[in-house]
Amino acid sequence: MARPITLFTGQWADLPFEEVCRLASEWGYDGLEIACWGDHFEVDKALADDNYVARKRETLDKYGLKVFAISNHLVGQAVCDHPIDERHKGILPARIWGDGDPEGVRQRAAAEMADTARAAAKLGVDTVIGFTGSSIWHTVAMFPPVPPSMIEAGYADFAARWNPILDVFDEVGVRFAHEVHPSEIAYDYWTTVRTLEAIGRRPAFGLNFDPSHFVWQDLDPVGFLFDFADRIYHVDCKDAKKRLNGRNGRLSSHLPWADMRRGWDFISTGHGDVPWEDVFRALNAIGYSGPISIEWEDAGMDRLLGAPEALEFVRRLAAIEPPAAAFDAAFSSGNADD
């Protein structure tokens, strides 16, 4: 069950695509999960220029790398979000932001996500990872009191905006893998259940499993894998460290990454609280054979140290595979009845 190990390029988009390819190849990665920002993969250019995808493929081939998925988290965030504000302006392409009118931003983002499916098919990959945004995330504290009708309307809004996008995914033979993540329509176990129900559990919509978002919420990532086994379309390896010491709060007090007063922080894979060995044993048990992508985020460690170290850590765990025969088969005398 040898699974390719890839590097997610989202945190490297300040570097030219070819430079990231060179680094990933030198470190020993099998391929990339390519982000749709920076110059790494530009959806509009991929569809408008017949040579664009070929050039990306040539660069990957030059460094002996494969691509199994592309990611468009930033644009996907704007499809359902409320409010749309300066945070979105800071992450969206100018052509998606436009004049900043919120509904116009949402509609342009939705069109871009449909185009992302088309661009993925042109690149020859069958999975797009991303966010959905959420019109009800701002109600998470449940005060002022939130009527149930408002939450229901949020899931209906998600379905109305994403079903037409998913129709395009179906048309071109690509799947969407939503990253379960705070600020999205699905951010924990029960919101994932509700999200899948909202779209009738259609196969075009699955999950990107990233356990770093589970541990600081005190969710069980291993149980999640078993319960949503048929929806695990992609796996990201990112870690998180809890520092809930009676002063540091789980909501992190509006403090920046790596501030030791935070109740938790993203941290390089293998240095946090994710039970990685159990995760990999669970991936084996559910038969997941897709790529394992290292999403490197750690504001307290240099990425040129962290990315190759994370690869070594994950490579060892990925080598754990079920044996050809049960260990206790050696105890058999061969005399047992069939």
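Attention here is on the structure that accompanies the text. Since the model is a prediction, treat every value here as computed from it, not as a measurement.

## Describing the overall build of the chain
Move 1: Within the chain, the secondary structure is distributed over 13 helices and 10 strands.
Move 2: What you see for the chain is a C-alpha radius of gyration of 21 Å, in line with the 20 Å of a compact globule of 338 residues.
Move 3: Based on the C-alpha atoms only, the size of the chain along its principal axes is roughly 75 × 55 × 45 Å.
Move 4: Accessible surface, the chain: about 15200 Å² in total, of which carbon and sulfur atoms supply 54%.
Move 5: Averaging the locations of the 33 positively and 53 negatively charged side chains of the chain gives two centres separated by 3 Å.

## A closer look at the packing of helix α8 (residues 148-172) against helix α9 (residues 189-198)
Move 1: The geometry of α8 relative to α9 is characterised by a closest axis approach of 9 Å and an angle of 55° between their N-to-C directions. Taken together, the axes of α8 and α9 are oblique relative to one another. As for how α8 packs across α9, the hand of that crossing is right-handed. Two secondary-structure elements touch here, α8 through I151, E152, Y155, F158 and A159 and α9 through T191, R194, T195 and A198.
Move 2: Classifying every residue of the contact of α8 with α9 gives five nonpolar, two polar and two charged.

## What to know about unusual backbone geometry
Move 1: The residue after H82, namely P83, is reached through a cis peptide bond having omega 0°.
Move 2: Mapping P83 onto the fold places it in the loop between α4 (73-80) and α5 (86-89).
Move 3: Residues F143 and P144 are joined by a peptide bond in cis, for which omega reads -5°.
Move 4: In this fold, P144 is placed in the loop between β4 (127-130) and α8.
Move 5: Positive phi outside glycine occurs at D218, with the angle close to 60°.

## Side note on the side chain of S252
Move 1: Inspection of the secondary structure assignment puts S252 in the loop between β8 (239-242) and β9 (264-267).
Move 2: Side chain to side chain, S252 and W264 meet in a polar contact 3.2 Å long.
Move 3: Apart from residues lying up to four places away in sequence, S252 is in contact with R262, G263 and W264.

## Quick notes on α8
Move 1: The end-to-end C-alpha distance of α8, which contains 25 residues, comes to 36 Å, matching closely the 36 Å that a straight helix rising 1.5 Å per residue would cover.
Move 2: Residues I151, G154, Y155, F158, A159, W162, I165, L166, V168 and F169 constitute the buried set of α8.
Move 3: On the buried face of α8, the contacting elements are α4, α7 (102-123), β4, β5 (175-179), α9 and β6 (205-209).
Move 4: At the C-terminal side of α8, G173 shows a positive phi close to 75°.

## Details of the pattern of salt bridges
Move 1: Within this structure, the stated rule accounts for 30 salt bridges.
Move 2: Residues R281 and E277 are paired through a salt bridge, measuring 3.0 Å at the closest nitrogen-oxygen approach. Residue R281 and its partner E277 are located together in helix α12 (residues 276-286), separated by four residues, close to a single helical turn.
Move 3: Among the charged side chains, a network of salt bridges with common partners joins E103, R106, D157 and R161.

## A closer look at the pairing of strand β1 (residues 5-8)
The side chains of a regular strand alternate between both faces of the sheet.
Move 1: Across the two faces of β1 the burial is the same, with I5 and L7 and T6 and F8 all buried.
Move 2: Pairing analysis gives three bridges linking β1 to strand β10 (residues 292-294), with the strands arranged parallel. Note that in β10 the partner of L7 across the bridge is I294.
Move 3: One ladder, built from three bridges, connects β1 with strand β2 (residues 31-35); its direction is parallel. The residue of β2 that forms the bridge with T6 is G31.

## So, helix α1 (residues 17-27)
Move 1: Buried within α1 we find F17, V20, C21, L23 and A24. Looking straight down α1, one finds its buried side chains confined to an arc of 165°; they lie on one side.
Move 2: On its buried side, α1 packs onto β1, β2, α3 (52-62) and α13 (303-318).
Move 3: Among the residues trailing α1, G28 stands out with phi positive, at a value near 105°.

## Some words on the environment of H213
Move 1: Its location among the elements puts H213 in helix α10 (residues 212-215).
Move 2: The class of H213 is buried, set by a relative accessible area of 1%.
Move 3: For the pair H213 and I320, spaced 107 residues apart in the sequence, the C-alpha separation amounts to 24 Å.
Move 4: If we skip the residues at most four places from it in the chain, H213 touches E179, V180, H181, P182, K238 and F266.
Move 5: Within the local environment of H213, its side chain forms a polar contact with the side chain of K238, the two groups lying 3.1 Å apart.

So, how was this worked out
- Residues numbered from 1 in each chain as written.
- Predicted model: local features only at pLDDT ≥ 70, side-chain atom pairs only at ≥ 80, totals over all residues.
- Heavy atoms only, no water.
- Helix = DSSP H or I, 4+ residues; strand = E, 2+ residues; numbered from the N terminus.
- Rg over C-alpha atoms; globule rule 2.2 N^0.38 Å.
- Areas by Shrake-Rupley, 256 points an atom, 1.4 Å probe, with all protein chains shown as cover.
- Lys, Arg positive; Asp, Glu negative; His and termini not counted.
- Charge placed at Lys NZ, Arg CZ, Asp CG, Glu CD.
- Axes fitted to C-alpha atoms, helices over the stretch in contact; angles between N-to-C directions.
- Parallel < 35°, antiparallel > 145°, perpendicular 65-115°, else oblique.
- Left-handed = near helix turned anticlockwise from the far one by under 90°.
- Contact = heavy atoms within 4.5 Å.
- Nonpolar A, V, L, I, M, F, W, Y, C, P; charged D, E, K, R; others polar.
- Polar contact = N/O pair within 3.5 Å; in protein donor to acceptor, adjacent residues only side chain to side chain.
- Expected span 1.5 Å × (residues − 1).
- Buried < 20%, exposed > 50% of the residue type's maximum accessible area, 1.4 Å probe, protein only.
- Salt bridge = Lys/Arg side-chain N within 4 Å of Asp/Glu carboxyl O.
- Pairing = 2+ DSSP bridges.
- Arc of directions from axis to C-beta.

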